[in-house]
Amino acid sequence: MNLLEVRNLRKSYGALKVTDDLDLSVEEGELHAIIGPNGAGKSTLIAQLSGQATSDGGSVRFDGTEMMGRPMHRRVRVGMSRSFQITSILPGFTALENVASAVQARSGSSFRFFSPVAEERDLNDQALAALDRVGIADRAFFNAGSLSHGEKRQLELAIALATRPRLLLLDEPLAGTSGAEADRLIQVMRGLKGDVTLVLIEHDMDAVFALADRVSVLVYGRIIATGTPDRIRDDPQVRAAYLGEEEGT
Amino acid sequence: MRLIPTRAWAATILFTAFAVLPFLAVALDDSYLVVIASRILCYAIAALALDLILGYGGMVSFGHAAYLGIGAYAVAILSRAGITDLGLHMLAAIAAAAVFALVTGAISLRTRGIYFIMITLAFAQMAYFFFVSLSAYGGDDGVTLNARSTLFGQTILEDDTALYYAVLVLLIGLYLLAVAITRSRFGRVLTGARENPVRMQAIGFSPFRYQLTAFVISGCMTAIAGVMLANQTSYVSPAFMNWHRSGELVVMVVFGGIGNLLGAVAGATIALLLEEWLAVLTKHWPLLFGLILVLVVLYSRDGLSGLFRRRR
């Protein structure tokens, strides 16, 4: 069954149709990659799906429930989380506090004013586990703002994981990471397959074709093809619109 | 991590100094010292309250004097009606401040940055002009209080030293409360929303609810300061909510170091002491005061508390 069902999704900036009657189905448990040339509307799509950006029309159903009109924080609470292409962390917090905040959001009320949150072991333990999973447990007590770019990318993923999503929307998680850091993140994503349904936007084609169960190709706000990595690789329309371009240059 | 015990020590030293000050006043035979110190403590409460939302919540309220006025008028209006109990004055002040903060905060928080500053200023000015036109309570001239609030039916607060200690106890209590809030779950969400609101939404928080709650808490704390200030001056007028006053509160917070609760207390202390001392030196004291503020901001972004930290 489909965990995410997108129908006729639209968004325009003035005369520019960024998302143009887009349909997309994501099956529970799969890693669904979305590829497409720059400016195809990939990040806008993630923003619309996550609720960060409003949509002009259409339908986004998550696990059978309509999500249109729900703000981002309420989508997160039912299990739809996202990561950001441009790292979005709390720079003045430690890495641990960044992740513990995400754990806190889903474990009990945050209208608690008296007991010190730093001493809540349950939050810290879960946060540490998430940091460990992405490979930066040794950075737990460093200020997030002082981490290297690659470590911030890892932290970004740890924060998203700590929300315990059923559907994780990853917006170029590998952007700007070095070889070793990228390998680590790819390994983490592979480990997530099956547990978490993943929608992955990524420019690293090797990673996409190694990880994805299915691939959708987004061009000018529309999905022009969806299929297994092998099918997509051989699809003449896709080659013309996208892959061919890259091979030609 | 290492800062916490240091801060606890600094707080202990500062509050102990305030606690022994009346003895010094007796020794020096200077009763005015306790009067000015009471004023300082009232403002310290207000600066503390403002720092909670300004420093931790990133909300620069330029209308916090309105809450001082609300607290002060609660005393004036209830006293006129024959209700003199301090507890009831506090209750009325807090309730009125909560309503005012809830309504104006809900509207102000739709804006950010300079617009938030301007809209909080506008609401405070509305409150100011409301009390200016309230002729039953003296309008522009305000009203003189015949007596201070009573505590359990006793007129004990008529004694300046007793009033001083009452304000000090309130300040210490509210300081501890504010410290607890900043370290709590709520405080983490508040600080996180200042750091990066989109990130907080992306992990499942709606910053608005937390910011509005903090705004209301801060308004109520400032109203408590207003109640005590009215008792200290025995006089209440719209000048309590003048926008100059709001600006002075922001200056105190900046002076002490934004986002440092003890700094707000120290900032209020130093700002008012400077005002006292410089006014003796010259009638052009605001010039000197401005110069000192410029130097503090230029050379220590953390205010006075930053100067101490650097020296350590």
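As a reminder, the structure under discussion sits directly above these lines.
Residues numbered from 1 in each chain as written. Chains lettered and ligands numbered in written order. Predicted model: local features only at pLDDT ≥ 70, side-chain atom pairs only at ≥ 80, totals over all residues. Heavy atoms only, no water.

1. Examining the interface of chain B and chain A
Right, on to step 1. At the junction of the two partners, chain B supplies 26 residues and chain A supplies 35 residues.
Right, on to step 2. Considering only the side of chain B, the residues that lose the most area to chain A are B:Arg185, B:Arg188 and B:Arg199, jointly responsible for 34% of the buried surface there.
Right, on to step 3. Summed over the shared surface of chain B and chain A, the number is 2 salt bridges.
Right, on to step 4. Put simply, B:Arg199 and A:Glu156 hold a salt bridge, and the shortest N to O gap is 2.8 Å.
Right, on to step 5. The tally of links between chain B and chain A comes to 15 residue pairs in polar contact (both at pLDDT 80 or more).
Right, on to step 6. Every element with two or more residues in the side of chain B that touches chain A is listed here: α6 (160-183), α7 (185-195), α8 (197-202) and α9 (207-233) of chain B.
Right, on to step 7. Counting residues per element, the side of chain B that touches chain A draws most heavily on α7(B), at 7 residues. (Contact = heavy atoms within 4.5 Å. Buried area = accessible area lost by both parts, 1.4 Å probe. Salt bridge = Lys/Arg side-chain N within 4 Å of Asp/Glu carboxyl O. Polar contact = N/O pair within 3.5 Å; in protein donor to acceptor, adjacent residues only side chain to side chain. Helix = DSSP H or I, 4+ residues; strand = E, 2+ residues; numbered from the N terminus.)

2. Describing a nonpolar patch on the surface
Right, on to step 1. A cluster of nonpolar side chains, contributed by B:Leu281, B:Leu288, B:Leu291, B:Val294, B:Leu295, B:Leu298 and B:Tyr299, occupies part of the molecular surface with about 730 Å² of accessible area.
Right, on to step 2. If one sorts the elements of the nonpolar patch by residue count, helix α12 (residues 285-299) of chain B sits on top with 6 residues. (Patch = residues over 30% accessible without salt bridge, like charges linked within 9 Å, V, L, I, M, F, W, Y side chains within 5 Å. Areas by Shrake-Rupley, 256 points an atom, 1.4 Å probe, with all protein chains shown as cover.)

3. Here's the deal with the pairing of strand β1 (residues 2-13) of chain A
Regular strands place side chains that alternate from one sheet face to the opposite one.
Residues and elements named next belong to chain A.
Right, on to step 1. Pairing analysis gives 8 bridges linking β1 to strand β2 (residues 16-27), with the strands arranged antiparallel. Across the sheet, residue Val6 finds its bridge partner in β2, namely Leu24.
Right, on to step 2. In sequence, β1 turns back onto β2 through a hairpin of 2 residues, with Gly14 there showing a positive phi of about 65°. (Pairing = 2+ DSSP bridges.)

4. So, empty space enclosed by the protein
Residues and elements named next belong to chain B.
Right, on to step 1. Here the structure, examined in full by the defined rule, presents 1 cavity of 30 Å³ or more.
Right, on to step 2. Roughly 40 Å³ of volume is contained in the largest cavity.
Right, on to step 3. Together, Ser61, Gly63, Ala66, Tyr67, Phe100, Thr104, Ser108, Thr120, Phe123, Ala124 and Phe215 line the largest cavity.
Right, on to step 4. Among the elements of the structure, α3 (65-80), α4 (86-108) and α5 (113-132) are those that each provide at least two residues to the lining of the largest cavity.
Right, on to step 5. Of the residues that constitute the lining of the largest cavity, the class distribution is 6 nonpolar, 5 polar and no charged. (1 Å grid on protein atoms, 1.4 Å probe; cavity = no way out; pocket = protein on both sides within 12 Å on 5 of 7 lines; lining within 4 Å. Points joined across faces, edges and corners; volume = space filled by probe spheres on them. Nonpolar A, V, L, I, M, F, W, Y, C, P; charged D, E, K, R; others polar.)

5. Here we look at the packing of aromatic side chains
Right, on to step 1. Within this structure, the stated rule accounts for 18 aromatic pairs over all chains.
Right, on to step 2. Between B:Phe130 and B:Phe131, the ring centres sit 5.1 Å apart and the planes meet at 85°, which makes this aromatic pair edge-to-face.
Right, on to step 3. Overall, the relative accessible area of 48% leaves B:Phe130 in the partly exposed class.
Right, on to step 4. Put simply, the rings of A:Phe111, A:Phe113, A:Phe114, B:Phe186, B:Phe205 and B:Tyr210 pair up and form one aromatic cluster.
Right, on to step 5. Above the ring of B:Phe240, the side-chain terminus of B:Arg245 is found at 5.7 Å from the ring centroid. (Phe/Tyr/Trp six-rings, centres within 6.5 Å; stacked < 30°, edge-to-face > 60°. Buried < 20%, exposed > 50% of the residue type's maximum accessible area, 1.4 Å probe, protein only. Lys NZ or Arg CZ within 6 Å of the ring centre and 35° of its normal.)

6. Brief notes about the side chain of A:Ser216
Residue and element names in this part refer to chain A.
Right, on to step 1. Relative to the elements of secondary structure, Ser216 occurs in strand β9 (residues 214-219).
Right, on to step 2. Judged by its relative accessible area of 0%, Ser216 falls in the buried class.
Right, on to step 3. At a separation of 2.8 Å, a polar atom in the side chain of Ser216 contacts the side chain of Thr226.
Right, on to step 4. Aside from chain neighbours lying at most four places away, what touches Ser216 is Leu24, His32, Ala33, Ile34, Ile35, Ile223, Ala225 and Thr226.

Purely spatial values, then, with no claim about function.
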